[in-house]
Each structure stands twice: as structure tokens, then as C-alpha cells.
Amino acid sequence: MTSLIDVIFLLLLFFMLSSTFSKFAEVELSAAGSGAGQAQGETRPMFLRLGAAELSLNGRDVALEALQDTVRGDMPEAGEQPLLISLQDGVSSQRLIDLLGVLRGVGNLSVTVLGAS
């Protein structure tokens, strides 16, 4: 018969060796809610439509690889730029995470995910 302390020690070793201590990348999400509308002097938000295979920014088709440069080109020089993301039917969560990972490299961007349309 095995003593209880041996079993506890083996379980402790197992969980310590099987777990990871690295911090996973975090993606910040903000859900759309009711608001008071656009105030005077605020920049107009950019609109990004994400489909299963297509991606369009303000009505123009864009490749995912070129999205950072396109967003930076459309942003004003100062201030935070709001970006609204509309999800079409059939979009996987991995595609949304890939998009948010690309957008993470753009500074001064406030991303809001609207949901499926």
C-alpha cells in the first residue's frame, strides 16, 4: 500500500511538469453597446467587414496581410481612431483572432466587435 504523501507528491510533480507557466497573448475585446452618438470634433469610425474568406475596410476589399498599412494610411495623425468590426455569417473564431492579432500592431486604434450581420 502506498502512503498518502507519496501519492500527493506524485500528483504535484505531474501537474507541475504538465502545465505551462508562459503567459498567453491577450486580445482585448469590447462589445458594442448603446451610446450617446458621435460628439462634435470626434473622428468618424472606420468600418471593417470580416467574412469567411473576404475582408473589406470602408467598402474596399483588403488582404489580411496589407491591412495594417491600409489602416495606418486611413488614420488621422493625432487621437484615437475607432474601428468597428462587423462579422458576417460563417466567420470562425480563429479568423477573428488572426484579424485582431494583425490590428494589435496598429497604435491608437479602438476596436469594437459588433457581431454577426
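Rules and cut-offs
Residues numbered from 1 in each chain as written. Predicted model: local features only at pLDDT ≥ 70, side-chain atom pairs only at ≥ 80, totals over all residues. Heavy atoms only, no water. Helix = DSSP H or I, 4+ residues; strand = E, 2+ residues; numbered from the N terminus. Buried < 20%, exposed > 50% of the residue type's maximum accessible area, 1.4 Å probe, protein only. Lys, Arg positive; Asp, Glu negative; His and termini not counted. Salt bridge = Lys/Arg side-chain N within 4 Å of Asp/Glu carboxyl O. Contact = heavy atoms within 4.5 Å. Core = buried A, V, L, I, M, F, W, Y, C linked by side-chain atoms within 4.5 Å. Arc of directions from axis to C-beta.

K.L.:
Report on the side chain of Arg-95, specifying residues and quantitative values.
P.N.:
Considering the arrangement of structural elements, one finds Arg-95 in helix 3 (residues 93-103). Of the buried charged residues, Arg-95 lacks a salt bridge, with Asp-98 as the closest side chain of opposite charge at 6.4 Å. What Arg-95 contacts, discounting residues up to four positions off in sequence, is Leu-50, Gly-51, Ala-52, Ala-53, Glu-54, Leu-55 and Leu-64.

K.L.:
With reference to specific residues and values, describe unusual backbone geometry.
P.N.:
Despite not being glycine, Asn-58 shows a phi value in the positive range, around 55°. Along the chain, Asn-58 turns up in the loop between strand 2 (55-57) and strand 3 (60-61). Look at Asn-58 and you get partly exposed, because its relative accessible area is 39%.

K.L.:
Any details on the nonpolar core? Residues and values, ideally.
P.N.:
Among the nonpolar cores identified, the biggest contains 22 residues, and Leu-67 and Ile-85 are the most heavily contacted of them. Of all the secondary structure elements, the ones that give two or more residues to this core are strand 1 (46-50), strand 2, helix 2 (67-74), strand 4 (81-87), helix 3 and strand 5 (109-116). Sorting elements by how many residues they give to this core places helix 3 first, with 5 residues. Those residues within four positions of Leu-67 in sequence are excluded, and the remaining contacts are Leu-48, Leu-55, Leu-57, Val-62, Leu-99, Val-102 and Leu-103.

K.L.:
Quick one: what's the story with helix 3, residue by residue and with numbers?
P.N.:
Of the positions making up helix 3, those classed as buried are Arg-95, Leu-96, Leu-99, Leu-100, Val-102 and Leu-103. Each buried residue of helix 3 lies within a common arc of 155° when the element is viewed along its axis, so the set occupies one face.

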